[in-house]
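# Examination of the molecular architecture
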Amino acid sequence: MSQRDEPAGSIYDLGYRRYDGPRLGRRHAMLSLYLFSLRGAFGLGRRTSSKIIPIAIAIIAATPAVIQLGVGAIVSSEHLHVIRPENYFNFIQIAVALFCAAVAPEVMGRDQRTRTLPLYFSRALLRSDYVLGKLAALWTALLFLTFVPQALLFLGNGMASSNSTGYWRDNWMDFPRIVASGALVAALFASLSLLVAAQTARRAYATVSVIALFVISSVISEVISGTAGGVWGQAAVLLTPFEVVRATILWVFQSNAESGSALAQADLPGYVFFAMLCAATAIAAWLVVRRYERIAV
Amino acid sequence: MPLLSTRELSKRYPGVTALDGLSIELEPGVIGLVGANGAGKSTLLKILLGLLAPTSGEATLLGYDVRRQGPELRQFVGYMPEHDCLPNDVSATEFVAHMAQINGLPRAAARERTAETLRHVGLFEERYREIRGYSTGMKQRVKLAQALVHDPRVMLLDEPTNGLDPAGREDMLDLVRRTGNEFGIAIIMASHLLGEIERVCDHLVVIDAGRLLRSAAIGEFTQRTQVLAVEIEGDAGPLAGRLAASGLRVKMEEHTVLIGIEAGQTPYDAIRDTVADLGLGLVRLEQRRQNLEDLFRTPEREDADVAAG
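Residues numbered from 1 in each chain as written. Chains lettered and ligands numbered in written order. Predicted model: local features only at pLDDT ≥ 70, side-chain atom pairs only at ≥ 80, totals over all residues. Heavy atoms only, no water.

## Section: the overall build of chain A
Inclusion rule: Counting from the N terminus, the helices are the DSSP runs of H or I reaching at least four residues and the strands are the DSSP runs of E reaching at least two. Contacts between residues were defined by any pair of non-hydrogen atoms, one from each residue, lying within 4.5 Å. Calculation of accessible area relied on Shrake-Rupley with a 1.4 Å probe; when residues are assessed, cover is drawn exclusively from the protein chains displayed. By the counting rule applied here, Lys and Arg register as positive and Asp and Glu as negative, while His and the ends of each chain are not counted. To locate a charge, take atom NZ for lysine, CZ for arginine, CG for aspartate or CD for glutamate.
A count of helices and strands for chain A gives 14 helices and zero strands. Each helix and strand of chain A, placed in order from N terminus to C terminus, yields the pattern α-α-α-α-α-α-α-α-α-α-α-α-α-α. Partitioning the intrachain contacts of chain A with sequence separation of at least 6 by distance along the chain shows that 74% fall at a separation of at least 24. About 14400 Å² of surface is accessible on chain A, with carbon and sulfur atoms providing 66% of the total. Of note, chain A has its 25 positive side-chain charges centred 11 Å away from the centre of its 16 negative side-chain charges.

Right, here's the structure in full:
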């Protein structure tokens, strides 16, 4: 206020003006929170150090597509093995998990850490709106890993082909499948990692816990399928997000698991994995909402 | 329409009663909410904001039921919490504009009002820097700005001078008073410092142990009786005697004479002359600030104390 007290300061003091424009309510609030959180997920509008990790991981996830397109530009198409979209997730699963571990605590724990939650919850927004806005933000951020590289690959392979329109005509069904599988994968990883990140305000704990969720679930699943026989051994594969996602992608593309893989051994119909993915996503999202309904601010 | 109305509002935690059947009705204005730490001030504010659900009872703010019409009500409410609540890694401009949008303002309007509001609270070039580098005083201003940016009809301020140095305190109180008086925004300000409330508010609500102790215009607290303390070197007896003889109500402490002054009386010159006549050294002549303990005694008893002296 020292500035205000200076005579020159009064030049800038236009007095207080009332606002009688529109107040757009909850939906606008959710949309704003979504965009703000999405920008935050990639560190946009923040210092450079907040951008490095999310953007680097997103680039890693796009690397297989870039390499294949590069090779395709050099090698003639008869000798080229294109990456099938249903296999792309195998290249990026670690990147997706790391991205969740790095970004989910930023999206979800941050307002708990800085105690900003009371400012949100004392505004024109419900607690469930807040959670859904955050969930949508992480989901969209994950699409940059699970959808964008494959869409580039689809377009790039077509353009590199000697007969572009022919390529797209023959493979057009791939595109809605790329959209659907990318959206489903992002949804499961977003809600599971937010559920973990929502449990603690401490960033480091959240990051480690998200990684632990993916590692431990895989270990448990492998141990059960290795030791238990019959239906329990088969069903154990449903406990690890990676396999559920892989199987759902194969189901979306109407493709089969490689023989000898865990999925081939489990030999469950594809819709079971799809149902498991949807159920896990919905339950995790509901649990986050419940947690935030009850959190004391 | 009253600004705030509560009926038998209670909040109980296991083993602790934070609010105990609080019933109160307040007209718009600049309202001070005073009480010792733990008296229930923050609890009341949080219930009004929908951050806490009351155990029982009802409350309406601006005519909206705080439990059933929360989102509608909160479009018109600004809240400044007692604690730190700002992210470190964004600028004040970006954060306050974001908060304005969360309150429903379109993007362009949010940006425009953010610039105006930050200027109003006295943040200039630094508003484009990360909040991490701000002083406590600057952070308090950002907190006030985010409560004001959407042009609320009522602002709830919880200890707005928390952590500020004396100069920052003055600035903040000045801002709060201007916001309330010049902009016509109703303010409910919680504080445990009566002096602050006195300077800013026109109505005072005193709560203690979750119960309403008193709610009245500020004048009724300060005008009824003012107590003047005259501290001298040596024995206060003769001075007290002379002043009592001249018709003032006095009470004697060791080196101090307390004088109860009715509205309209101006005995200052007489006191000075009496001290000079007696050849006493005058150490201090001051208006006794009423503090919380004084308030918790009834004014009648205080008058009686002085009169009995």
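## Re the overall build of chain B
This is how the line gets drawn: Note on classification: 1.4 Å probe, protein chains only; a residue is buried when its accessible area is under 20% of the maximum for its type, exposed when over 50%, partly exposed between these limits.
Of regular secondary structure, chain B possesses 12 helices and 14 strands. Expressed along its principal axes, the backbone C-alpha trace of chain B runs to roughly 70 × 45 × 35 Å. Taking all 309 residues of chain B together, the buried fraction comes to 53%. Pairs at least 24 apart in sequence give 68% of the contacts found in chain B among residues at least 6 apart. Summing over all exposed atoms, chain B offers an accessible surface of approximately 12700 Å²; the carbon and sulfur share of this is 47%. Within chain B, one finds 35 positive and 45 negative side-chain charges whose respective centroids are separated by 6 Å.

## Observations regarding the interface of chain B and chain A
It is common to give the size of an interface as the accessible area lost on bringing the parts into contact. Put simply, the rule is: A pair is scored as a salt bridge if a Lys or Arg side-chain nitrogen falls within 4 Å of a carboxyl oxygen belonging to Asp or Glu. Side-chain atoms alone can form a polar contact between residues adjacent in sequence; in general such a contact is a pair of N or O atoms within 3.5 Å, and within protein one must be able to donate a hydrogen while the other accepts it. Residue type decides the class: Asp, Glu, Lys and Arg count as charged, Ala, Val, Leu, Ile, Met, Phe, Trp, Tyr, Cys and Pro as nonpolar, and the leftover types, Gly among them, as polar.
Each side of the interface is counted separately: chain B has 50 residues, and chain A has 40 residues. One can count seven salt bridges joining chain B with chain A. Where Arg46(A) meets Asp89(B), a salt bridge forms, and the shortest distance between an N and an O atom there is 3.8 Å. The tally of links between chain B and chain A comes to 22 residue pairs in polar contact (both at pLDDT 80 or more). Elements with a minimum of two residues in the side of chain B that touches chain A: α2 (70-74), α3 (92-102), α4 (107-121), α5 (136-148) and α6 (166-183) of chain B. With seven residues, the top contributor of residues to the side of chain B that touches chain A is α4(B). Split by residue class, the side of chain B that touches chain A holds 23 nonpolar, 10 polar and 17 charged.

## Section: the pairing of strand β6 (residues 77-80) of chain B
Two faces make up the sheet, and in a regular strand the side chains alternate between them. Residues and elements named next belong to chain B. We apply this condition: If DSSP finds at least two bridges between two strands, the strands pair.
Here β6 shows a buried face lined by Val 77 and Tyr 79 and a second buried face lined by Gly 78 and Met 80. As defined by bridge partners, β6 adjoins strand β7 (residues 154-158) across four bridges and the pair is classed as parallel. Paired with Tyr 79 across the strands is Leu 156, a residue of β7.

## Examining a nonpolar patch on the surface
All names here are of chain A. The following threshold applies: Patches were defined on residues exceeding 30% relative accessible area and lacking a salt bridge, with like-charge contacts within 9 Å and nonpolar side-chain contacts (Val, Leu, Ile, Met, Phe, Trp, Tyr) within 5 Å.
Nonpolar side chains collect at one region of the surface, where Ile 94, Leu 98, Ile 211, Val 215, Ile 216, Val 219, Ile 220, Val 223, Ile 224 and Leu 239 lie side by side and expose about 830 Å² of accessible area between them. Counting residues per element, the nonpolar patch draws most heavily on helix α10 (residues 203-227), which supplies seven residues. Considering the arrangement of structural elements, one finds Leu 98 in helix α4 (residues 88-113). We classify Leu 98 as partly exposed; its relative accessible area is 40%.

## Topic: the pattern of salt bridges
Per the counting criterion, the structure on display carries 29 salt bridges over all chains. Close ionic contact of Asp174(A) with Arg84(A) constitutes a salt bridge, the shortest N to O distance being 3.4 Å. Linking Asp174(A) in helix α9 (residues 174-197) with Arg84(A) in the loop between α3 (48-74) and α4, this pair joins segments that are 90 residues apart in sequence. For Asp174(A), a relative accessible area of 7% puts it in the buried group. The partner of Arg7(B) in a salt bridge is Glu58(B), and the shortest N-O contact between them spans 3.5 Å. Taken together, the residues span a long stretch of sequence, with Arg7(B) in strand β1 (residues 4-13) and Glu58(B) in strand β4 (residues 56-61) at a distance of 51 residues.

## Looking at the confidence of the model for chain A
The condition is simple: Scored from 0 to 100, pLDDT records how confident the predictor is in each individual residue.
Mean pLDDT over chain A works out to 91, with 95% of the residues at or above the 70 mark. Across residues 1-12 of chain A, confidence stays below pLDDT 50; counting only partners more than four residues off in sequence or on other chains, it has 12 contacts.

## Regarding the nonpolar core
For the record, the criterion: The set of buried Ala, Val, Leu, Ile, Met, Phe, Trp, Tyr and Cys residues whose side-chain atoms join them within 4.5 Å is what this entry labels a nonpolar core.
The biggest cluster of nonpolar side chains holds 160 residues, and the ones touching the most others in it are Tyr130(A), Phe189(A), Tyr292(A) and Leu61(B). A per-element tally of this core places α4(A) first, with 14 residues. Look past the residues within four positions of Leu61(B) in its chain and what remains in contact with it is Leu3(B), Leu4(B), Leu48(B), Val66(B), Leu73(B), Val77(B) and Val154(B). Grouped together as the second largest cluster of nonpolar side chains are 14 residues, Leu239(B), Ala240(B), Val257(B) and Ile271(B) included.

## Focus on unusual backbone geometry
Among all residues save glycine, negative phi is the norm, and among peptide bonds the norm is trans. Positioned with a positive phi, Leu62(B) is a non-glycine residue whose angle comes to about 55°. By the secondary structure assignment, Leu62(B) is in the loop between β4 and β5 (64-65).

## Concerning the sheet that holds strand β14 (residues 282-287) of chain B
Residues and elements named next belong to chain B. The line we're drawing: Lines fitted to the C-alpha atoms define the axes, with helices restricted to the stretch that makes contact. Angles between their N-to-C directions range from 0 to 180 degrees.
Spatial ordering of the open sheet is given by β12-β13-β11-β14, a layout of four strands whose pairing is antiparallel. Looking at strand neighbours, the two that pair on one side only are β12 (249-252) and β14, the edges of this open sheet. The average undirected angle you get between the axes of adjacent strands in this sheet is 20°. With five bridges connecting them, strand β11 (residues 226-232) and β14 associate as antiparallel partners. Note on β14: the bridge partner recorded for Glu 231 is Arg 284. The sheet strands contacting helix α9 (residues 237-245) are β11, β12 and β13 (256-261), and the helix crosses β12 at an angle near 165°.

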